[in-house]
Amino acid sequence: MKRPSPSPGTSSATIRLGYNFFTSLLTMATLRPASSLSALGNLRHHKCVTHYHVVPSLLHRSCAARSTTRLYSSTKDNIGVDHGRGDDLQRWYPPSLMDHMLYRIKEVNNVPYHIQLNLINFTVNGRVLGKVTPKVAERLTSAGSSSSSPIFELSTATNQPTLTLGNAAGTTVEQRTKAVASVMEKLHDEGYITGWRDELYPVAESFDSAPLFLIERAAASLLGVLEYGVHINGLVDYDNSSLGDDNVEQQSITTNTSTSKKMKKMWMARRSKTKSKFPGFLDHIVAGGQPAGLSLMDNVVKECMEEAGIPPEITRRGIQPAGAISYENYDDEEGTKSEGEGVMSRVVLFCFDLVLPSDFIPSANDGEVESFFTWGLDDIARSMDPDYDDPIKPNCYPVIIDYLLRSGAISPDSPKYLDILRTLRSGSCS
């Protein structure tokens, strides 16, 4: 800050006094708004810890104090309260929220070291397509052993064994698809593969590569091949004065809602109790695997109509692509498989934000969802707790956390922000 120039006849002592008084006022002005924010610490479900210190490098300019307040929500609280008063009152959460978010991300990024150390590559024509454990490789090779030339073969020509397709599998996409299906259907009949979907996934090196064969969705993780899916964050703005209970299963606990004009919420779904995986869990309004033969957007439109009764025109008007998250997870299916026979889920989820009209209510059309309801930021924050008794399906959490970061609901000043950002793409993103 440039010191004020003295007027003619002003003494140097007077100049120093006036400058010190001026900087003192500036320091007080800086402290006042930050101090008022600390009052939020008294609100239920919120915590604010503020420390003040003088920054030495600024002493010669303003002597203003810098606040090292830990910020757990940005001024643009896009999924919380829009106060419309120009001051954008912030939300505050305890530091444990960041740890809880990391826990939820790592929940689907868990490959024990002893498993990772012994994984075998699954290759076709020298291209690495998947990862399997030695015991899974043994089961796959033995499943097709009734023929003189097995479908799956274990190559030991090098120091590192490799699972591959034998000559009996053929050389075209159609031939490989049929051959692999014969093995997977046998394992399904034996009860080894469950949750058969009659939906084919492409198997390729990357999302942009041509598939080398197609595989039943329920069997994809058995080969540890890359799986792709679409997850939709269903968002809606409500007028707080008219928000009722007719279309919601649960209401959020939102601080200072009496002063808010609008509340942006997220539509959630409760999975059917008849689902083969995660029955009764909370879920995105719409989510699905990416099958062969469909573009991402065509799949989004299809899934929105099938799972939530969202007309194509509403989906196309409100949808916005929002990047992707990835993860790798070893799943022994809660101990139902013997030691070492778990499967590798290597997944890339394309994220979409869908803004829905405030008067639109989703409807369950395909029997996979029991009900829909809306959640606010407080509900979502609570659900991150590892001890929360009504959790969301594990692979939905990274997509929701990614939205919270993108929307500014979580400030980049928050501790472990970059850890979270990095961990959201722990798996192969190709």
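Scroll up to find the structure this text is about.
Position labels on residues start from 1 in each chain and follow its written sequence. In keeping with the predicted nature of the model, local features appear solely for residues at pLDDT of at least 70, side-chain atom pairs appear and are counted solely at 80 or more, and the whole-chain, interface and lining totals rest on all residues. Side-chain numbers come from the whole structure's heavy atoms, not from hydrogens or water.

So, on to the side chain of Ser-326. Helical segments are the DSSP runs of H or I of at least four residues, strand segments are the runs of E of at least two, and each set is numbered from the N terminus. The residue Ser-326 is located in strand 14 (residues 319–331) in this model. What Ser-326 contacts, discounting residues up to four positions off in sequence, is Asn-109, Val-347, Val-348, Thr-423, Leu-424, Arg-425, Ser-426, Gly-427, Ser-428 and Cys-429. Only heavy atoms matter for contacts: two residues are in contact if any of them lie within 4.5 Å across the pair.

Salt bridge criterion: a side-chain nitrogen from Lys or Arg within 4 Å of a carboxyl oxygen from Asp or Glu. Taken as a whole and assessed by the stated rule, the structure comprises 18 salt bridges. Among the ionic pairs, Asp-402 bridges to Arg-406, the shortest N-O distance being 2.9 Å. With a gap of four residues between them, Asp-402 and Arg-406 both fall in helix 10 (residues 397–407), about one helical turn apart. When a residue's accessible area, from a 1.4 Å probe over protein chains only, is under 20% of the maximum for its type it is buried; when over 50% it is exposed; and in between it is partly exposed. On the basis of relative accessible area, Asp-402 is assigned to the buried category, the value being 2%. On the accessibility criterion, Arg-406 (36% relative accessible area) is partly exposed. Residues participating in the shared-partner salt-bridge network are Asp-353, Asp-402, Arg-406 and Arg-425.

Its location among the elements puts Thr-315 in helix 8 (residues 312–318). Judged by its relative accessible area of 0%, Thr-315 is buried. In contact with Thr-315, other than residues within four places in its own chain, are Val-300, Val-301, Cys-304, Ile-310 and Leu-354.

The terminal C-alpha atoms of helix 5 (residues 173–189) lie 24 Å apart, and with 17 residues this matches the ideal 24 Å at 1.5 Å per residue to within 8%. Along helix 5, the positions that sit buried rather than exposed are Arg-176, Thr-177, Ala-179, Val-180, Val-183, Met-184 and Leu-187. Packed against the buried residues of helix 5 are strand 4 (120–124), helix 4 (134–143), strand 6 (152–155), strand 7 (162–165), strand 9 (213–216) and helix 6 (220–223). Of the residues trailing helix 5, Gly-191 is marked for its positive phi of about 85°. To estimate the expected span of a helix, subtract one from its residue number and multiply by 1.5 Å.

Either a parallel or an antiparallel arrangement is found when strands of a sheet pair, and the pairing is made through backbone hydrogen bonds. Spatially, four strands are ordered 5-4-7-6 in an open sheet, and the strand pairing comes out mixed. This sheet does not close on itself; its edge strands, each paired only once, are strand 5 (127–132) and strand 6. For this sheet, the mean inter-axis angle between neighbouring strands, taken without regard to orientation, is 30°. As paired strands, strand 4 and strand 7 are joined by three bridges and run parallel to one another. Paired with Asn-121 across the two strands is Thr-162, which belongs to strand 7. Two strands qualify as a pair provided that DSSP identifies no fewer than 2 bridges between them. A fitted line through C-alpha atoms represents every axis, and for helices the fit uses only the stretch in contact; the resulting angles, taken between N-to-C directions, go from 0 to 180 degrees.

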